Amino acid sequence: MYYIGIDLGTSAVKLLLMGKDGTIENVVSREYPLYFPHPGWAEQKPEDWWEAVREGIRELITPVDASQVAGVSFGGQMHGLVILDSEDRVIRPAILWNDGRTGEETDYLNREIGRDVLAECTANIAFAGFTAPKLLWLKKHEPENFARIAKIMLPKDYIAYQLTGVHSCDYSDASGMLLLDVEHRCWSKRMLDVCGITEQMLPKLYESYEVTGTLTPERAAELGLPVSCRVAAGAGDNAAAAVATGTVGDGRCNISLGTSGTVFISSREFRMDCHNALHAFAHADGRYHLMGCMLSAASCNKWWLEDILGTGDYEGEQAKIGTLGENRVFFLPYLMGERSPHNDPNARGTFIGMTMDTRREEMTQAVLEGVAFAIRDSFEVAESLGIHIGRTKICGGGARSPLWKKIMANVLNIPVDSIESEEGPGLGGAMLAAVACGAYASVEEAAQRIVRVADTVMPDPQLAAKYEERYQKFKKIYPAVKALFGELS
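Per chain, the residues get numbers from 1 upward, laid out in the order the sequence is written. Reporting in this predicted model follows two pLDDT cut-offs: at least 70 for local features of residues, and 80 or more for side-chain atom pairs to be given and counted; totals over whole chains, interfaces and linings ignore these cut-offs and use all residues. Hydrogens and water are ignored here; the side-chain numbers use all heavy atoms of the structure.

Chemist: Is there a simple way to think about helix 15 (residues 443-450) in this case?
Modeler: For every residue, the accessible area (1.4 Å probe, protein chains only) is compared with the maximum for its type, and the residue is labelled buried under 20%, exposed over 50%, or partly exposed between those bounds. Where helices and strands are cited, they refer to DSSP runs of H or I of at least four residues and of E of at least two residues respectively, numbered from the N terminus. Within helix 15, burial applies to Val443, Ala446, Ala447 and Ile450. Down the axis of helix 15, the sector holding all buried residues measures 100 degrees, keeping them to one side. Pairs of residues are marked as contacts when any of their non-hydrogen atoms sit within 4.5 Å. Here the buried face of helix 15 lies against strand 2 (12-19), helix 9 (237-244) and helix 14 (425-436). By definition, the arc is the one covered by directions from the helix axis to the C-beta atoms.

Chemist: Help me understand the sheet that holds strand 18 (residues 279-282), please; the structure alone is not making it clear to me.
Modeler: Note: strands within a sheet are paired through backbone hydrogen bonds, in either parallel or antiparallel orientation. Across the sheet, 7 strands lie side by side as 18-19-17-16-22-23-24; this open sheet has mixed pairing. A single partner strand is all that each edge strand has here, and the edge strands are strand 18 and strand 24 (453-457). On average, each strand axis in the sheet is inclined to that of its neighbour by 25 degrees, with strand direction left out of account. Whether two strands pair depends on DSSP finding at least two bridges between them. Where strand 18 lies against strand 19 (residues 288-294), 4 bridges are found, and the strand directions are antiparallel. Residue pairing across strands places Phe281 opposite His289, the latter belonging to strand 19. Axis definition: a line fitted to C-alpha atoms, limited for helices to the stretch in contact. Angles are taken between N-to-C directions and run from 0 to 180 degrees.

Chemist: Explain the nonpolar core to me, please; I cannot follow it from the model alone.
Modeler: Here is a general trend for soluble globular proteins: nonpolar side chains tend to be buried in one another's company. Think of a nonpolar core as a cluster: buried Ala, Val, Leu, Ile, Met, Phe, Trp, Tyr and Cys residues, connected wherever their side-chain atoms sit within 4.5 Å. With 131 residues, the main nonpolar core has Ile152, Leu179 and Ile197 as its most contacted residues. Element by element, the count of residues in this core is highest for helix 12 (residues 360-384), at 12 residues. Those residues in contact with Ile197, other than ones at most four positions away along the chain, are Leu135, Phe146, Ile152, Leu179, Leu192 and Leu202. Judged by nonpolar contacts, the second largest core, of 38 residues, contains Val53, Phe74, Ala220 and Val231.

Chemist: When you look at the side chain of Thr245 in this model, what are you seeing that I'm missing?
Modeler: Residue position: Thr245 is located in the loop between helix 9 and strand 16 (253-257). By relative accessible area, Thr245 is classed as buried at 4%. If we skip the residues at most four places from it in the chain, Thr245 touches Asn254, Lys393, Cys395, Ile419 and Val451.

Chemist: Just checking my understanding: could you explain helix 14 for this structure?
Modeler: Along an α-helix, residues three or four apart share an orientation, since each turn contains 3.6 residues. Between its first and last C-alpha atoms helix 14 spans 16 Å; for 12 residues at 1.5 Å apiece the expected length is 16 Å, and the two agree. Along helix 14, 12 of the 12 residues are buried, which leaves the element largely enclosed by surrounding structure. Among all positions in helix 14, only Pro425, Gly426, Leu427, Gly428, Gly429, Ala430, Met431, Leu432, Ala433, Ala434, Val435 and Ala436 are buried. Phi turns positive one or two residues past the end of helix 14, at Gly438, with a value near 85 degrees. Expected span of a helix, by definition, is 1.5 Å for each gap between consecutive residues, and there is one gap fewer than residues.

Chemist: Mind showing me how you'd approach unusual backbone geometry here?
Modeler: A negative phi angle is the norm for most residues apart from glycine, just as the trans form is the norm for most peptide bonds. In the segment running from Ser340 into Pro341, the intervening peptide bond is cis, with an omega of -5 degrees. Within the fold, Pro341 resides in the loop between strand 20 (330-332) and strand 21 (350-352). Although it is not a glycine, Asp88 sits at a positive phi angle of roughly 60 degrees. Examined against the element boundaries, Asp88 turns out to sit in the loop between strand 6 (82-84) and strand 7 (94-95).

Chemist: Teacher, can you tell me more about the environment of Tyr161 here?
Modeler: Mapped onto the elements, Tyr161 comes out in helix 5 (residues 155-164). Its relative accessible area of 15% is what places Tyr161 among the buried residues. Along the chain, Tyr161 and Val231 lie 70 residues apart, while their C-alpha atoms are 9.8 Å from each other. Aside from chain neighbours lying at most four places away, what touches Tyr161 is Asp88, Met153, Val166 and His167. Side chain to side chain, Tyr161 and Asp88 meet in a polar contact 3.0 Å long. Each polar contact in these results corresponds to two N or O atoms within 3.5 Å; when the atoms are within protein, one needs to be able to donate a hydrogen and the other to accept it, and residues that are neighboring in sequence are counted only if both atoms are side-chain atoms.

Chemist: Explain the packing of aromatic side chains here, please?
Modeler: By convention here, two paired aromatic rings are described through the distance between centres and the angle between planes. Two rings from Phe, Tyr or Trp (for Trp, the six-membered ring) form a pair when their centres are within 6.5 Å of each other. A pair whose planes differ by under 30 degrees is stacked, one over 60 is edge-to-face, and the rest are tilted. For the structure on display, the rule yields 14 aromatic pairs. Aromatic side chains Phe127 and Phe130 sit 5.3 Å apart centroid to centroid with 65 degrees between the ring planes, which places their arrangement in the edge-to-face category. Using a relative accessible area of 0% as the deciding quantity, one classes Phe130 as buried. Here a set of aromatic residues connected by ring pairs shows up, and it is made of Trp303, Trp304, Phe331 and Phe351. The ring centre of Trp137 lies 4.5 Å from the NZ or CZ of Arg101, which sits over that ring. Ring-over charges, as used throughout, are those where CZ of Arg or NZ of Lys falls within 6 Å of the ring centre and within 35 degrees of the ring normal. Of note, Arg185 hangs over the ring of Tyr171, and the distance from its end group to the ring centre comes to 4.9 Å.

Chemist: When you look at the packing of helix 12 against helix 13 (residues 402-412) in this model, what are you seeing that I'm missing?
Modeler: Packed helix pairs are characterised by how far apart their axes lie and by the angle those axes make with each other. The geometry of helix 12 relative to helix 13 is characterised by a closest axis approach of 9 Å and an angle of 40 degrees between their N-to-C directions. Judged by the angle between their axes, helix 12 and helix 13 are oblique. Relative to helix 13, helix 12 is oriented so that their crossing is right-handed. Between helix 12, through Leu368, Glu369, Val371, Ala372, Phe373, Ile375, Arg376 and Phe379, and helix 13, the contact on the second element is made entirely by Leu403, Trp404, Ile407, Met408, Val411 and Leu412. Its residues assigned to classes, the contact of helix 12 with helix 13 comprises 12 nonpolar, no polar and 2 charged. Oblique is the label for any angle not covered by the other classes, which are roughly parallel (under 35 degrees), roughly antiparallel (over 145) and roughly perpendicular (65 to 115). Each helix crossing is assigned a hand: it is left-handed if the near helix lies turned anticlockwise from the far helix by less than a right angle, otherwise right-handed if that turn is clockwise. Residue polarity follows a fixed list, in which Ala, Val, Leu, Ile, Met, Phe, Trp, Tyr, Cys and Pro are nonpolar, Asp, Glu, Lys and Arg are charged, and the others, Gly among them, are polar.

Chemist: Please explain the pattern of salt bridges as it appears in this structure.
Modeler: Where charged atoms from two side chains of opposite charge come close, those side chains can pair. Here, a salt bridge means any Lys or Arg side-chain nitrogen found within 4 Å of an Asp or Glu carboxyl oxygen. Applying the stated criterion across every chain, the model contains 34 salt bridges. In this structure, Glu306 and Lys302 form a salt bridge, with 3.2 Å as the shortest nitrogen-oxygen distance. In this pair, Glu306 and Lys302 both sit in helix 10 (residues 298-308), 4 residues apart, roughly one turn of the helix. Residue Lys302 is classed as partly exposed on the basis of its relative accessible area of 43%. Glu468 is paired through a salt bridge with Arg376; the nearest N and O atoms lie 2.8 Å apart. Highlighted residues: Glu468 in helix 16 (residues 461-488) and Arg376 in helix 12, separated in sequence by 92 residues.

Chemist: Help me understand the pairing of strand 22 (residues 392-395), please; the structure alone is not making it clear to me.
Modeler: Across a regular strand the side chains alternate sides, sitting on one face of the sheet and then on the other. The two faces of strand 22 match: Thr392 and Ile394 on one face and Lys393 and Cys395 on the other face are all buried. Pairing geometry for strand 22 and strand 23 (residues 416-419), over 3 bridges, is parallel. Bridging from a neighbouring strand, Ile394 pairs with Ser418 of strand 23. Seen with its strands pointing away from the viewer, a crossover is right-handed if its path from the first strand over the helix to the second goes clockwise. Tracing the backbone out of strand 22, into helix 13 and back to the parallel element strand 23 gives a crossover that is right-handed.

Chemist: Would you explain the environment of Trp303 in this entry?
Modeler: Residue position: Trp303 is located in helix 10. Sequence separation between Trp303 and His342 is 39 residues, and the spatial gap between their C-alpha atoms is 22 Å. Apart from the residues within four sequence positions on either side, Trp303 is in contact with Ile308, Phe331, Leu335 and Phe351.

This is the structure:
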């Protein structure tokens, strides 16, 4: 049997075909437009997503017997607002996760409704990317569209609807809407009242590995798939990627060094830190997770090398770096503000400690170390909750650098594992589909049998001790300059 994972990203959809044993049989990608109607806004047309998925599935299943495709599931970009009318037609383009128009609404939720109330209702505070602030913006600025809303959906769930005719959402993706009571896994009545919506406007909630329906006869014929093909609810992109790295169960961790950076910590029990420095979300394995999100991670290195130094020779620049753990230059990696743990949109990238003899390679090293120190900040929050992280997986573009992985292992003082497959949310989606079809008894079993570690970087006790001393200095810098950031903005 075969299983399809659909990774609905911001610039493209990536479709993956997986065999029962976890073998990846085919991968197909389709791009679609991204619209910027005003500076700082970001929108897409859900119809473009569906057209890309429809074409992609047809190509994806070409090499195999399509009658053997048993299931489909998803990993999708989170937080985006998709609204349908009473006839299930899209009312307006989707407002995406990286759209910045909701500053006033976010401030209103955090200040007027109150962070304590938000945390009590949803286990999180408001961020501009979340869905609830988008609803408040729509209510104020497009009341005619707000009045037409019959269903509120997230991006991947629109694709699931197109396949099954069912309005569904999973708990992990719903956690990022600021409408879900994460601890009790139900919609928050208080937050629905705040946003002026009803529970009937929201989809039915499922675990990520639960079947929401099968293909409609029309879609099955259109796609060339069997009508018996099951569709599982799927997960938000970070949770789906965590499944693909085996970050399920209790106390498992994955670090993603992509354009942004995440620290994803799985937990059997619900946990929430009192400062909301980490997101507290439901996980695709039926449990929970904590997540720290850096707005700039590998993008810091890209900015430094390509935009400032004017080179694309990443390996060559890193090869110039000599001794680790003794660099006198520090870098705050807050080029786009920061979320975890500071939640400060005014924070900025900062070099400190340069002297007349500071060399180019020391500043390159400071960028790599600054990102690692900022990841450590999220680890510190988790440790304060009694969560011991003994090792971590690592993925994303930055994880291709052996030097960066060595720095990370010693800054965190734990082993850092790289995995064989880097397919991320698409593979996680396919694994969830396999669980939904009964190929595996649980998400944890699927991860144990499919995910394989390719190599491990172990920390060196002497180097880890040097980085411990440097981290204690690093974490003093942001508090010292925080007020200045506010004045500069």
